[in-house]
Amino acid sequence: MILVADSGSSKTDWMGYFNGKTIKFNTQGINPYFLNEQDISRIILKNEVISPLIGEVKEIYFFGSGCSSPDKREVVSNGLSAVFTSAFISVEHDLLGSVYATCGNSEGLNCILGTGSNICYFDGKKIHDGHHGLGYVLGDEGSGTFFGKKVLLSYLYKKMPADLEADFKKAFPAEKEQIITNIYQKPFPNIYLAGFSRFLANHYEHIFVKETLKKGFQEFVDTNIKDYPNYKTVPCHFVGSIAYYYQDILKDVLKENGIKVGKILQKPIQDLYEFILQKENITKQAI
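Residues numbered from 1 in each chain as written. Predicted model: local features only at pLDDT ≥ 70, side-chain atom pairs only at ≥ 80, totals over all residues. Heavy atoms only, no water.

Draft legend 1. Fine view of the sheet that holds strand β10 (residues 261-265). Strand order in this open sheet of 5 strands is β8-β7-β6-β9-β10, and the pairing throughout is mixed. One side of each edge strand has no neighbouring strand; the edge strands of this open sheet are β8 (127-128) and β10. As paired strands, strand β6 (residues 108-113) and strand β7 (residues 117-122) are joined by 6 bridges and run antiparallel to one another. Within the sheet, the bridge partner assigned to Leu113 lies in β7 and is Ser117. (Pairing = 2+ DSSP bridges. Helix = DSSP H or I, 4+ residues; strand = E, 2+ residues; numbered from the N terminus.)

Draft legend 2. Structural context of the environment of Leu265. The residue Leu265 is located in strand β10 in this model. By relative accessible area, which is 15% here, Leu265 ends up buried. Each C-alpha atom, one on Leu265 and one on Tyr245, is 9.6 Å from the other, the two residues being 20 residues apart in sequence. If we ignore the near neighbours within four places in the chain, the residues touching Leu265 are Ala101, Thr102, Phe238, Val239, Gly240, Tyr244 and Asp271. (Buried < 20%, exposed > 50% of the residue type's maximum accessible area, 1.4 Å probe, protein only. Contact = heavy atoms within 4.5 Å.)

Draft legend 3. Just the packing of helix α1 (residues 37-45) against helix α2 (residues 70-81), in detail. Close contact between α1 and α2 brings their axes to 8 Å; oriented N to C, the two are set at 45°. What the angle tells us is that α1 and α2 run oblique. Viewed along their axes, α1 and α2 form a crossing whose handedness is right-handed. On α2, the residues touching Glu37, Ile40, Ser41 and Ile44 of α1 are Glu74, Val75, Val76, Asn78, Gly79 and Leu80. Class assignment for the residues of the contact of α1 with α2 results in 5 nonpolar, 3 polar and 2 charged. (Axes fitted to C-alpha atoms, helices over the stretch in contact; angles between N-to-C directions. Parallel < 35°, antiparallel > 145°, perpendicular 65-115°, else oblique. Left-handed = near helix turned anticlockwise from the far one by under 90°. Nonpolar A, V, L, I, M, F, W, Y, C, P; charged D, E, K, R; others polar.)

This is the structure in structure tokens:
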């Protein structure tokens, strides 16, 4: 049995093939910047879908947020190895998984716009390292965390239109002191901040929301995409819920900047799963 996983900070999507059936399940996000090896093992063991099948798993291809450095990949690998004791385990950055799902074997720019944001250039064979992916404190332009922070600040600074302010207070009744405590003293502040971005979806037609999204996407283009000299000549792909749900505005911004739009996927797991099976020359019948 093979498992393929795509993990962000919020959630991990898994796919595998067992006894003639494709299985799909989700777990908590597995990011080595926020979890240790024991945390990762516990997440797997408490999942009702995969825990009974642990002994059947022979190969795992894991692509995750925060897995860009060898030491962080080792944290995830060790956490998985402690559970799947007889499986071959490959751990790579989520950017590579996103590239496989969008570019496949072709040249292109690949962008992640989910809870966090990132970008890379893929020449058809390998990823060329950039200097992006700085996380929610220093970067993450155009991400759920970025937009959640923008919305929250507009509310706290009394910059939000009055009609939206009343709705925001109903949707998020926490007072300033509790919000600050949640951000600075509790775990996963990036996910907490990203939660406020849901407000944009619920008020999508409001001019304030459209302008906030447009400015945020333009900042992502200026800070990330335009760093690549060939950004107007290769397709630019996107993965993530922010890109997917707000793709109308995103496409407008890209068009205004002369950028070719490629795939826009909410989740890469299906395309990634199929690519891995093909890449490893594995047929479902052989698994």
